[in-house]
Amino acid sequence: MKRFALLMGAALALALSGPAFAQSPIVIKFSHVVAPDTPKGKGSLKFKELAEKYTNGKVSVEVYPNSQLYKDNEELQALQLGSVQMLAPSLAKFGPLGVREFEVFDLPYILPDKAALRKVTDGPLGKKLLGLLAPKQITGLAYWDNGFKDMSANKKLLVPADFRGLKMRIQSSKVLEAQMRALGAIPQVMAFSEVYQALSTGVVDGTENPPSNEYTQKMHEVQKYTMRSQHGYVGYAVITNKKFWDGLPADIRASLEKAMAEATTYTNDIAQKENDDALEAMRKSGKTEIVELTADQKAQWRKALDPVYTEMASRVGKDTIAEFQKEAGGGGTH
C-alpha cells in the first residue's frame, strides 16, 4: 500500500511538472480578408513567425486569411469586442468607424510615389492618426503597404466619360464614393469577399484594386480590361484590441513590438514586387488586357477628380489634407 502511495505521488508530481500544467501561451487571433499570398497575407505570417520566436513560444499567433472568421464589414466590431486580437484593415475602414481623418489616404492622386507615402506613415501625421483610434478601444501598431490601385471593367476606361453609368465596387468610404461619382460611375459598397461573384454575375461592372488583390482573388478572370491608372493607394493599419494590448506583460509587449517592426519592414519591402509579379501574371494569363493610359488621359482623370478634394475637405479635415500634402513633399496637385 505504501509503495502504491509512493508511486501515485511520483506520478502526480510528474503530471504537475508536465506540459499540461505549464502556462498556456497567449493566443493572438490575427484575422484578415485577403489571400495568404498577398503582401498582407505574407506579412501576417511573418509576424506570426517572429512573434512566436521572440516570445519563446509564450505567444501563439493564429492567422485566419480570406475572411475565414469575419468579413471586412464585421471584423472591426469583432476586434472591439475582443473576439479577435489583431487585424490589418485597409485605411478606408476607419472613416465609417468615425475616424474620418484616415480617409485622407483615399483621396485620388494625393501620393505621387512610395517615398512620399513613407514620409507620411513614418512621420508625425502617421503617429497622430494611429493615436486617434484609442478612444475606439483600438491600438494602432503599424502601417502596411499594398500598393497603388488600378481600375478594372469589361470595357476600356480611358477617359472619365467611359465611366458613365457603370456600377463600380468600392470599399465603404465617402471619399471613394465621391471619387466614383466624379468620374460618372455609380459607387457600390460591397464586402471584399463578395466582389469576384458580383463581377462574374454582372452585379457590378468593375472595381479598383492593386494588382496583387485583383490577381489573387481571380478578379482578372472576370474583367476584360485593367487600366493602369495608379489613381489611389491601398494600405493597411495593423491594429489590436487596446485592452488586450495594455494588459500584456511588458516584456511580451516589447517582444511583439520588435516582431511587428520587423514584419512591417518585410511587408513593405515585398509589396511592390508582389504587385509587379501579379501584373505580369495577369498579362500572361491573357484573360484581362492591361491598358496603359496616356499622359493626356491621366490628365483628364485628374481634372475630373479634382473637385473631390473640395467636396471632402469638411469631412476629412482641411488641416489633415494640408498636413498630409506637406509631409508627402507636395503630394498631389491640390
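Please refer to the structure placed before this passage.
These numbers were taken from a predicted model, which means no experiment stands behind them.

### Points about the pairing of strand β8 (residues 206-209)
Residues Gly-206 and Glu-208 point to one face of β8 and Thr-207 and Asn-209 to the other, with burial holding for every one of them. Strand direction decides the pairing type here: strand β5 (residues 150-153) and β8, joined by 4 bridges, are antiparallel. Looking across to β8, one finds that Met-151 is bridged to Glu-208. When strand β6 (residues 167-170) meets β8, the two strands line up parallel, connected through 2 bridges. Within β8, the residue paired with Arg-169 across the bridge is Thr-207.

### Some points on helix α10 (residues 250-285)
Compared with an ideal rise of 1.5 Å per residue, which puts 36 residues at 52 Å, α10 spans 50 Å between its outermost C-alpha atoms and is within 8% of the ideal. For α10, the principal kink sits at Ala-271 and spans about 35 degrees. Where α10 terminates, the next one or two residues include Gly-286, which has phi positive at roughly 70 degrees.

### With respect to the packing of aromatic side chains
Scanning the entire structure with this criterion turns up 8 aromatic pairs. Aromatic side chains Phe-105 and Tyr-233 sit 6.4 Å apart centroid to centroid with 40 degrees between the ring planes, which places their arrangement in the tilted category. Of this pair, Phe-105 sits in the loop between β3 (86-87) and α4 (114-121) while Tyr-233 sits in strand β10 (residues 233-241); the two residues are 128 residues apart in sequence, bridging distant segments of the chain. Among the residues examined, Phe-105 registers a relative accessible area of 1% and is labelled buried. Centroid distance Phe-163 to Trp-301: 5.2 Å. Interplanar angle 80 degrees. Geometry classified as edge-to-face. With Phe-163 in the loop between β5 and β6 and Trp-301 in helix α11 (residues 295-305), the pair connects residues that are 138 residues apart, well separated along the chain. For Trp-301, a relative accessible area of 0% translates into the label buried. Ring pairing ties together the aromatic residues Phe-105, Tyr-143, Phe-148, Tyr-233 and Phe-324, which thus form one cluster. Positioned above the aromatic ring of Tyr-54, the side-chain terminus of Lys-258 is 4.2 Å from the ring centre.

### Section: the sheet that holds β10
Overall, mixed pairing links the 5 strands, which are arranged β2-β1-β3-β10-β4 in an open sheet. The open sheet terminates on both sides in strands that have one partner only, identified here as β2 (59-64) and β4 (138-148). Relative to β3, strand β1 (residues 26-31) is paired through 2 bridges, and the arrangement is parallel. Bridging across to β3, Phe-30 finds its partner in Met-86. Running at roughly 165 degrees to β2, helix α2 (residues 39-54) makes contact with β1, β2, β3, β4 and β10 of the sheet.

### Some points on the sheet that holds β8
Whenever strands of a sheet pair, they do so through backbone hydrogen bonds, lying parallel or antiparallel. Ordered in space as β7-β6-β8-β5-β9-β11, the 6 strands form an open sheet in which the pairing is mixed. The open sheet has two edge strands, β7 (186-189) and β11 (289-291), and neither has a second partner. When the angles between neighbouring strand axes are averaged without regard to direction, this sheet yields 30 degrees. Here β5 runs beside strand β9 (residues 225-227); their pairing, made up of 3 bridges, is antiparallel. Across the sheet, residue Ser-152 finds its bridge partner in β9, namely Thr-226.

How each quantity is defined
Per chain, the residues get numbers from 1 upward, laid out in the order the sequence is written. In keeping with the predicted nature of the model, local features appear solely for residues at pLDDT of at least 70, side-chain atom pairs appear and are counted solely at 80 or more, and the whole-chain, interface and lining totals rest on all residues. Side-chain calculation: all heavy atoms of the structure are included, whereas hydrogens and water are not. Think of it in three bands: with a 1.4 Å probe and only protein chains considered, a residue is buried below 20% of the maximum accessible area for its type, exposed above 50%, and partly exposed in between. To qualify as a helix, a DSSP run of H or I must reach at least 4 residues; to qualify as a strand, a run of E must reach at least 2; elements of each kind are numbered from the N terminus. Strands qualify as paired when DSSP identifies two bridges or more between them. The span one expects for a helix is its residue count, reduced by one, times 1.5 Å. Working definition for bend: take the seven residues up to and ending at a residue and the seven starting at it, fit an axis to each, and measure the angle between the axes. Here a Phe, Tyr or Trp ring, Trp counted by its six-membered ring, pairs with any other such ring whose centre lies within 6.5 Å, and the pair is stacked when the planes are under 30 degrees apart, edge-to-face when over 60, and tilted otherwise. Working rule: Lys NZ or Arg CZ, within 6 Å of ring centre, within 35 degrees of ring normal, means a charge sits over the ring. Whether two residues are in contact is decided by their heavy atoms, any of which lying within 4.5 Å being enough. Angular values range over 0 to 180 degrees, each being the angle between N-to-C directions of two axes fitted as lines to C-alpha atoms, with helices fitted over their stretch in contact.

As far as function goes, none of this settles anything; it's purely spatial.
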